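Notes for the structure review
If you want the building blocks of each chain, they are given just below.
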Amino acid sequence: EASWAYTQQSIDLGLTFFQNQLSNLISFGNSGYINQKHFVSEGVEIYGKYKRKWYQLNGSFTHQDFKEEKATVLRRPLNTLIAGLAIFPNDSSEASIRGRWYSSRKDVTEDGAIIKLNSYEVFDLGFRYYFTQLDLGLQLLNFLDRDYEELYGYN
């Protein structure tokens, strides 16, 4: 992996190029354990954060391609986008909203057939209160109640 980062008082930016060589990656599916054999994942990730006293914007985008696939690469989207906004009404609390988008990816059915899972997006809400020695947080994940599948057969 090779990275570049730029940081100032209110801005963080970064760019990362990566290559992962994976062999005998074991995952679990509807038909039991799956050996994804060997593949190379290459890609780029871009991220940024802009922070002011009362709010913070952040986001990231990841793109990856697969090479040297000995079997179909399962459950890994080619593209992922995450963006969020946090608001700080005072020094001891934070309210946030975050959106996540994942492109389509492949998975395997019980009988071994390769299928395409649709891309999806979800939005999350959060609230955090900071005490002197304790933080309390509440999250509402997928608050728009979006139907999606991360794994085949599991909504």
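Residues numbered from 1 in each chain as written. Predicted model: local features only at pLDDT ≥ 70, side-chain atom pairs only at ≥ 80, totals over all residues. Heavy atoms only, no water.

This structure, assessed with the given rule, holds 6 aromatic pairs. Pairing Trp4 with Tyr6 gives two aromatic rings, centres 6.4 Å apart and planes at 10 degrees, and the pair type is stacked. Under the relative-accessibility criterion, Trp4 is labelled partly exposed at 47%. Among the aromatic residues, those joined into a cluster by ring pairs are Tyr102, Tyr120 and Tyr148. Cation over ring: Lys51 sits above Phe88, and NZ or CZ is 5.1 Å from the ring centre. (Phe/Tyr/Trp six-rings, centres within 6.5 Å; stacked < 30°, edge-to-face > 60°. Buried < 20%, exposed > 50% of the residue type's maximum accessible area, 1.4 Å probe, protein only. Lys NZ or Arg CZ within 6 Å of the ring centre and 35° of its normal.)

So, on to the sheet that holds strand S8 (residues 93-102). Within the open sheet, the 8 strands sit side by side as S1-S2-S5-S6-S7-S8-S11-S12. Their pairing is antiparallel. Looking at the sheet topology across the chains shown, the edges are occupied by strand S1 (2-7) and strand S12 (135-140). Ignoring strand direction, the axes of neighbouring strands in this sheet form an average angle of 15 degrees. Summarising the sheet, strand S2 (residues 11-23) and strand S5 (residues 38-51) pair through 13 bridges and their orientation is antiparallel. (Pairing = 2+ DSSP bridges. Helix = DSSP H or I, 4+ residues; strand = E, 2+ residues; numbered from the N terminus. Axes fitted to C-alpha atoms, helices over the stretch in contact; angles between N-to-C directions.)

Another point: the pattern of salt bridges. Between side chains of opposite charge, a pair can form as their charged atoms come close. A complete count under the given rule lists 6 salt bridges for this structure. We note a salt bridge from Lys67 to Glu42, for which the minimum N-O separation is 3.0 Å. Taken as a pair, Lys67 in strand S6 (residues 55-67) and Glu42 in strand S5 lie far apart in primary sequence, 25 residues in all. For Glu42, a relative accessible area of 24% gives the class partly exposed. One salt bridge in this structure joins Arg100 and Asp124, with 3.0 Å as the shortest N-O distance. Of this pair, Arg100 sits in strand S8 while Asp124 is found in strand S11 (residues 120-130), placing the two residues 24 residues apart along the sequence. Residue classification places Arg100 among the buried positions, given a relative accessible area of 16%. Accessibility expressed as a relative area gives 3% for Asp124, which makes it buried. Because the salt bridges share partners, they merge into one network encompassing Arg98, Arg100 and Asp124. (Salt bridge = Lys/Arg side-chain N within 4 Å of Asp/Glu carboxyl O.)

A few words on a nonpolar patch on the surface. Together, Tyr50, Trp54, Tyr55, Leu57, Leu85, Ile87, Ile97, Phe123, Leu125, Leu140 and Leu144 line one region of the surface with nonpolar side chains, adding up to about 940 Å² of accessible area. Position of Phe123 among the secondary structure elements: in strand S11. Here Phe123 falls in the partly exposed class, since its relative accessible area comes to 34%. (Patch = residues over 30% accessible without salt bridge, like charges linked within 9 Å, V, L, I, M, F, W, Y side chains within 5 Å. Areas by Shrake-Rupley, 256 points an atom, 1.4 Å probe, with all protein chains shown as cover.)

Any functional reading would require information beyond the geometric quantities listed.
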